[in-house]
Amino acid sequence: MKRFNGQFMGGVLAFAGVVLGACANAPAPREPAALTAPAAEARPAFSAEGIAALEARMASYVDGGTVKGIATRLIQDGEIISDFRHGIRRQADGAPVEDDTIWRIYSMSKPITGAALMILWEEGKFQLDDPITSYFPEFEGLQVFKGQDEAGNPILAPVSRPPTVQELMSHTAGFGYGLAPGNYVDDRFRELEVFQSPDADEMIRRVATIPLKHEPGVTWDYSISVDIQGALIERLSGQTLGEFLQARVFAPLGMTDTAFFVPDEKYDRFSDVWGPNPETGELVPLPMPGFQYRKDTIAFEGGGHGLVGTLGDYARFTDMLAKGGTLDGVQVLKPETVQLMATNFLPEGVFIGHNGTTTDPNAGGGFGLDFAVILNDGEAYPKGAFMWGGAAGTWFWVDPVNKISFVGMIQVFGGSLDRSMRTESAELVYDALQETK
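Since this is a predicted model, take the numbers as computed values, not measurements.

**Q** I tried to follow the sheet that holds strand β2 (residues 69-76) on my own but got confused; where do I start?
**A** Backbone-to-backbone hydrogen bonds pair the strands of a sheet. The strands run either parallel or antiparallel. One open sheet accounts for seven strands, arranged β3-β2-β16-β15-β14-β13-β12; its pairing is antiparallel. The open sheet terminates on both sides in strands that have one partner only, identified here as β3 (79-87) and β12 (366-367). Bridge count for strand β15 (residues 395-399) against strand β16 (residues 404-409) is five bridges, and the pairing is antiparallel. If you follow Trp 395 over to β16, its bridge partner there is Gly 408. The strands touched by helix α8 (residues 311-322) are β2, β3, β14 (386-389), β15 and β16; relative to β16, the strand with the most contacts, the crossing angle is about 155°.

**Q** Explain the packing of helix α1 (residues 48-63) against helix α10 (residues 420-432) here, please?
**A** When two helices pack together, their arrangement is given by the angle between their axes and by how far apart the axes lie. Following both chains from N to C, one finds α1 and α10 inclined at 165°, their axes separated by 8 Å at the closest point. Taken as axis vectors, α1 and α10 run roughly antiparallel relative to one another. Of the two elements, α1 crosses α10, and the hand of that crossing is right-handed. Within the contact between the two elements, α1 uses Gly 50, Ile 51, Ala 53, Leu 54, Arg 57, Met 58 and Tyr 61 and α10 uses Ser 420, Met 421, Glu 424, Ser 425, Leu 428, Val 429 and Ala 432.

**Q** Explanation requested: α1 in the structure shown.
**A** Since one α-helical turn is 3.6 residues long, residues separated by three or four positions face the same way. Its 16 residues place the ends of α1 22 Å apart at the C-alpha level, agreeing with the 22 Å of an ideal helix rising 1.5 Å per residue. Those residues of α1 that fall on the buried side of the exposure criterion are Gly 50, Ile 51, Leu 54, Glu 55, Met 58, Ala 59, Tyr 61 and Val 62. Turning to α1, the residues buried within the fold contact β1 (45-46), β2, β3, β15, β16 and α10.

**Q** Looking at this structure, I do not really get the nonpolar core. What am I missing?
**A** Generally speaking, soluble globular proteins have nonpolar side chains that are buried together. By size, the foremost hydrophobic cluster in this structure holds 117 residues, and its most contacted members are Ile 112, Phe 139 and Phe 175. Setting aside anything within four residues of it in sequence, one finds Ile 112 in contact with Ile 105, Leu 245, Val 249, Phe 250, Met 255, Leu 307, Tyr 314 and Phe 317. Of all hydrophobic cores here, the second largest spans 10 residues; its members include Phe 270, Val 273, Tyr 293 and Ala 392.

**Q** Would you explain the pairing of strand β6 (residues 154-158) in this entry?
**A** Within a regular strand, side chains alternate between the sheet's two faces. Strand direction decides the pairing type here: strand β5 (residues 143-148) and β6, joined by four bridges, are antiparallel. When the bridges of β6 are listed, Val 144 appears paired with Ala 157.

**Q** What's the story with the side chain of Glu 167 in this structure? I'm lost.
**A** Looking at where Glu 167 falls in the secondary structure, it is placed in helix α3 (residues 165-169). Residue Glu 167 is classed as buried on the basis of its relative accessible area of 6%. Within the structure, the side chain of Glu 167 is placed 2.6 Å from the side chain of Arg 161, a separation counted as a polar contact. Ignoring sequence-local partners within four residues, the contact set of Glu 167 consists of Arg 161, Pro 162, Thr 172, Ala 173, Pro 216 and Gly 217.

**Q** Is there a simple way to think about the packing of aromatic side chains in this case?
**A** We describe a pair of aromatic rings using the distance from one ring centre to the other and the angle between the two ring planes. For the structure shown, the criterion picks out 20 aromatic pairs. Ring geometry for Trp 220 against Tyr 222: centres 6.0 Å apart, planes inclined by 20°, an arrangement best described as stacked. Summarising the aromatic geometry, the rings of Trp 397 and Phe 406 are spaced 4.6 Å apart at their centres and angled 10° between planes, so their arrangement reads as stacked. Accessibility expressed as a relative area gives 1% for Phe 406, which makes it buried. Grouping aromatic residues by their ring pairs yields a cluster made of Tyr 177, Phe 195, Trp 220, Tyr 222, Phe 300, Phe 367 and Trp 388. Between the NZ or CZ atom of Arg 294 and the centre of the ring of Tyr 267, over which it lies, the distance is 3.5 Å.

Parameters at a glance
Residues numbered from 1 in each chain as written. Predicted model: local features only at pLDDT ≥ 70, side-chain atom pairs only at ≥ 80, totals over all residues. Heavy atoms only, no water. Pairing = 2+ DSSP bridges. Helix = DSSP H or I, 4+ residues; strand = E, 2+ residues; numbered from the N terminus. Contact = heavy atoms within 4.5 Å. Axes fitted to C-alpha atoms, helices over the stretch in contact; angles between N-to-C directions. Parallel < 35°, antiparallel > 145°, perpendicular 65-115°, else oblique. Left-handed = near helix turned anticlockwise from the far one by under 90°. Expected span 1.5 Å × (residues − 1). Buried < 20%, exposed > 50% of the residue type's maximum accessible area, 1.4 Å probe, protein only. Core = buried A, V, L, I, M, F, W, Y, C linked by side-chain atoms within 4.5 Å. Polar contact = N/O pair within 3.5 Å; in protein donor to acceptor, adjacent residues only side chain to side chain. Phe/Tyr/Trp six-rings, centres within 6.5 Å; stacked < 30°, edge-to-face > 60°. Lys NZ or Arg CZ within 6 Å of the ring centre and 35° of its normal.

Structure below.
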């Protein structure tokens, strides 16, 4: 498998699953657009054979029953190289995956929230080393969990210092998330129904009563910190998170279908989400009560998990990042800001243990400001690439050297999902990338 260094650095990440189902009535995949760039641009180009191999492999996940539907898009320097879809979006009538299918992106909301917060940083509204208590007095007097005594009672101690905004953005602030049953801190998230809070202010009040899992700045621990970032955007801007995202990110980028809920007139485009039948292992639609993304069912607008959107919308966001913060002449972020976000902020010897979907001790790598960061060239991922994924299997990566972005959309929960599709998509993309003659 070919790898590139320097200008032609290869590999990348596909940090969350590929889903969208097998279905005979799904439209035939379109041919990849313009596979070579004008010679004057002197950039690496893709082989038609390599792109065909990529799309065939993505289709095989549907045909083999791993997912019910899938959509992927590969962009280089603003040019769509591969635009692929296969399978169904809905079980009841076999409705196929379409260009305008709406997906739950879950934790792929996090990089969007992070980019929005950095818009305010560019405007001087905060500094990365500001203590979060400057904006959230509720967090004064935070405690940190130190274990349990012989009677099983929690041992708590005053935190040594408040976490900073940068630590919020790099998941080193010490907060929990409610994802680890049997852990005192995470159990408190569930007991207090943090994610059922009616608004962001109440969410902050509930979180402030829960001790930190770690002292700030010590280790990386996937956390509620991006939902706190969303609340920070609201306090700094005077707008709701949804209003700010619409005005400063979605509208400028033409992301017309990305939001915290699916309007009634678009609901037919919303994909089912599947999981394995516990008896047969076959994928079946999940009822997902409370997660139907109707406007009247949304509690607070969760910057860490709450968005839905189309493949095309998210690809515009990642293309903007690949091009240094500007898309179609509209600057969302400065190039140096994007570079800062993709810089590793973890303490020496600390690495991530999560890939945006599940705990993964082999995830490796560093973490910047709401992105995972690849620190060294590897089998699939090039040094300098940044990425994340979502709980229903969605994934993306950005390669700033070759100005490449890749987005994959699927909707599957549970152990049946083969996460290797992420690394395989990266490997096949870079196998298809040829050195410019």
